[in-house]
Structure formats: structure tokens, C-alpha cells
Amino acid sequence: MTDQTAPLIDPFQRAIDYLRVSVTDRCDFRCVYCMSENMTFLPKKELLTLEELDRMCSNFVRLGVKKLRITGGEPLVRRDILTFFQNMSRHLVSGDLRELTLTTNGSQLEKFAQPLYDVGVRRINVSMDTLDEAKFAEITRWGRLPQVMRGIDAAQNAGLRIKINAVALKGFNEDELFPMVEWCAERDMDLTFIEVMPMGDIGNENRLDQYWKLSDLRARLAEQYTLIDLAERTGGPARYVRLEETGQKIGFITPLTHNFCESCNRVRLTCTGELYMCLGQEDMADLRAPLRDFPEDDRALENAIRAAIALKPKGHDFDYSRQRVDGQVSRHMSHTGG
Ligand code: SAM
Ligand code: SF4
């Protein structure tokens, strides 16, 4: 008999209090490092309904999850997603959940920023790799920069704090390092750089061609700014510095040059109800079956969640160091949720 109040602790004594949830595999962009141009998306019936997502997330909250990040695909293109946010906000009101947040490409923010703020979202991540309109269209294939800019304006006007996520791409946004840092400083936004990860087939693009090491990026940043290391840890693979000259925070997500799996506090739920215990491993647990098989009783679901956490691996095996892509996982980031 399991103790129903016991928190989720994995075999390496890491407390799991952060759940990332992909609510859709669909997207209105086709970023070249994330998707191929012709993606086949899941049939609708495979997806968890919004009610099922609610039940799933609420169980995780009951088991000690304090932070919920909604992602995708593009979470804001899922029909009625605001209803889901509205319903989840009851856990903020009760104090069981500390933070409800999302990662978005910003395309729908103009419409959703204020309603998101109104249901208790306070901070969001917006992904943007370039400030150049033509390059933006090239990297996202289908995205348009002015639309995202309007979304960012709307979010800031609504009172949402923004962190910009930029994938560091060799030969693509290297020359925009300083303009992006300055733009974020002017708008009082934090900025995090991400190393490109080997996830999913992306058509003709080559990962090694895209890979810009963040240790190089950081060294270049240090030529113009004084970098102060911050002790702040979010339990993920990000490390932060403060730029003395501007006061802004810059993050580096470096799963490849370093990994920080020993302090990992998170698991990821896909839009079909698979729980991935590690972004970089293929192992997953199906939570949709216990959810659907027992619509009135959460015990089977809870047991499945606990059994999955007990299998959380020590870390990932991504590695580009041998000049080839090792440790690649077959699914796309949009499936697991970045
Ligand atoms: N559509 C939303 C967005 O773009 O913010 C949320 C989902 S997206 C998969 C989440 C994050 O994953 C984005 O910041 C994106 O840049 C990043 N991402 C996607 N594919 C990646 C890859 N292969 N390597 C590193 N980051 C990736
Ligand atoms: Fe869509 Fe985000 Fe993937 Fe770009 S990174 S294709 S916006 S899911």
C-alpha cells in the first residue's frame, strides 16, 4: 500500500516538483531545428482532452508538483486552451501550485496575454532566435516577426514578465548576440540561450552545422560585459549570470557541453499522456491508460505516476564531442514539450 501523501522522490533522491506539459504537438511555425516542413501530426483522438489534462495535472499537483509549465507544439493554438488555464488557476488560489506558466512562440500573445495574466500567469517564456524579419521567416519557416513583437508588447502591457529563449545557431544568430542582449536590456527581459539538441528527424538540416557551443558564446559575451555568476538554480540545465553593466540576467542551457542532471527536478507529460522522465532518453510511461480505464478513480493513475518516477534515469546521453550526433532521440521536441 503506497502512502498517498508521500512526495515524488526518484531513486537518486531528487524531489520531482516541476511538471512540463505538452498540450498539443501542432504548431503554427515550422522552426528548422524543431520540425520538418511536412510534419504528420497526431490524430485528435490520441490527444488527452482538456478535462483529461486537468485531471492528470491536478493529480501531479496533489502529489507535490509546485510548478507547471504548459508547452507544445504551440500551446496557444490548442482550441479552448484558456479554459484549461482558467481551471488550473484554482490550484494557484488554493496555494497548492506555486507557479503556472508557459513557453510560447508568441504568435498568439496579442490575443491571450491579458486573459493569461487574469488567471494568474505571471511569467512566460517567449522563443525568439533573431530580431531580423527575413531571418525570422527563414528560421521559423511560417512565422512572422511583427506579429510576435505585437504579442510581446501585449504581454508586457498586461504585466507579464518575459524571458526570451534563443537557440544559439552557428552562422545564423552569432552576429546578433549583442543586439539581442541590448534589446532585452532595453525591454527589461531576461534572455536565455539554448544549445541545439538532437531531437527528431528535421529533414535536410544538419545538427552539427547548427551547433554553436555556449561556452564560445559566453566567452564572446565576456569580451564586452562583466559576467557575474549567479548561484540561482531552477533544478534544470540552465545556469545564470548577471551582466554588471546592464544588470540583466542571462541564462545558458547547456545540455551538451555540460549536463546538470544530478539536480533535475522535472518530468514531462506529452499531449498523449506519456510521461518522459528524462528529455534525453526514450523511456516513458503510459499514463493515459490508467487515466482512461478508471475514469472515477485516481488510484491506478497515482500508482502509475509513482512507478514512473521510480524509473527516472540518472541523466541523458546527448553528445556531439566525437563530431557526430550521439544519443539522439527519435521524437521531436514538440512531442515531449521543450
Ligand atoms: N512552440 C513553443 C515555443 O517555441 O516556445 C513551445 C514549444 S518549443 C518545442 C520549446 C522550446 O524548445 C523553444 O524555445 C524552442 O526553441 C526549443 N527547441 C525546439 N527544438 C529544439 C532543439 N532541437 N534543440 C534545442 N531547443 C529546441
Ligand atoms: Fe513550433 Fe516552438 Fe517547434 Fe518552433 S520551436 S516549430 S514554434 S514548437
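As a reminder, the structure under discussion sits directly above these lines.
Residues numbered from 1 in each chain as written. Chains lettered and ligands numbered in written order. Predicted model: local features only at pLDDT ≥ 70, side-chain atom pairs only at ≥ 80, totals over all residues. Heavy atoms only, no water.

Draft legend 1. Expanded view of the environment of Val-181. Looking at the secondary structure, you find Val-181 in helix H6 (residues 177–186). Here Val-181 falls in the buried class, since its relative accessible area comes to 0%. Apart from the residues within four sequence positions on either side, Val-181 is in contact with Leu-191, Leu-221, Tyr-225, Leu-243, Gln-248 and Ile-250. (Helix = DSSP H or I, 4+ residues; strand = E, 2+ residues; numbered from the N terminus. Buried < 20%, exposed > 50% of the residue type's maximum accessible area, 1.4 Å probe, protein only. Contact = heavy atoms within 4.5 Å.)

Draft legend 2. Focus on the site of ligand 2. By nearness alone, every residue bordering ligand 2 is listed as Cys-27, Phe-29, Cys-31, Cys-34, Met-35, Gly-73 and Asn-105. Split into classes, the residues belonging to the shell around ligand 2 amount to five nonpolar, two polar and no charged. (Near = heavy atom within 4 Å. Nonpolar A, V, L, I, M, F, W, Y, C, P; charged D, E, K, R; others polar.)

Draft legend 3. Representation of the site of ligand 1 in the model. Every one of the 19 residues lining ligand 1 counts as a neighbour, but Tyr-33, Gly-73, Thr-104, Ser-127 and Met-197 are closest to it. The protein chains hide 95% of the 540 Å² of surface that ligand 1 would expose on its own. Listing elements by their share of the shell around ligand 1, those giving two or more residues are strand S3 (99–104), strand S5 (161–168) and strand S6 (190–195). Looking at the shell around ligand 1 residue by residue, the class counts come to seven nonpolar, nine polar and three charged. (Areas by Shrake-Rupley, 256 points an atom, 1.4 Å probe, with all protein chains shown as cover.)

Draft legend 4. Examining the pairing of strand S8 (residues 238–243) more closely. Counting buried positions along S8 gives five out of six residues, so the element sits mostly inside the fold. In this sheet, S8 lies alongside strand S7 (residues 227–229) in antiparallel orientation, the contact comprising three bridges. Note on S8: the bridge partner recorded for Ile-228 is Arg-242. Bridge count between S8 and strand S9 (residues 249–253): five bridges; the pairing is antiparallel. (Pairing = 2+ DSSP bridges.)

Draft legend 5. Highlighting the pairing of strand S4 (residues 123–127). With three bridges joining them, S3 and S4 adopt parallel strand pairing. Paired with Thr-103 across the strands is Asn-125, a residue of S4. Considered for its hand, the β-α-β crossover made up of S3, helix H3 (residues 109–118) and S4 is right-handed. Note that S4 and S5 share five bridges and pair parallel. Bridge assignment links Asn-125 to a residue of S5, and that residue is Lys-163. (Right-handed = clockwise from strand over helix to strand, strands pointing away.)

Draft legend 6. Just unusual backbone geometry, in detail. Despite not being glycine, Gln-13 has its phi angle at roughly 65°, a positive value. Residue position: Gln-13 is located in the segment before strand S1 (18–22). Taking the relative accessible area as the measure of exposure, Gln-13 reaches 64% and is therefore exposed. Positioned with a positive phi, Arg-141 is a non-glycine residue whose angle comes to about 60°.

Draft legend 7. The arrangement of helix H10 (residues 299–309) in detail. Looking at H10, one finds that the buried residues are Leu-301, Glu-302, Ala-304, Ile-305, Arg-306, Ala-308 and Ile-309. Its buried side turned inward, H10 meets helix H1 (50–62), strand S10 (266–269), strand S11 (274–276), strand S12 (284–286) and helix H9 (288–293).

Draft legend 8. Local environment of the pattern of salt bridges. What the rule picks out here adds up to 20 salt bridges. We note a salt bridge from Glu-174 to Arg-220, for which the minimum N-O separation is 3.6 Å. You can see Glu-174 sitting in the loop between S5 and H6 and its partner Arg-220 sitting in helix H8 (residues 214–224), a full 46 residues away along the chain. Each of Lys-45, Glu-46 and Arg-288 takes part in salt bridges that share partners, so that together they form one network. (Salt bridge = Lys/Arg side-chain N within 4 Å of Asp/Glu carboxyl O.)

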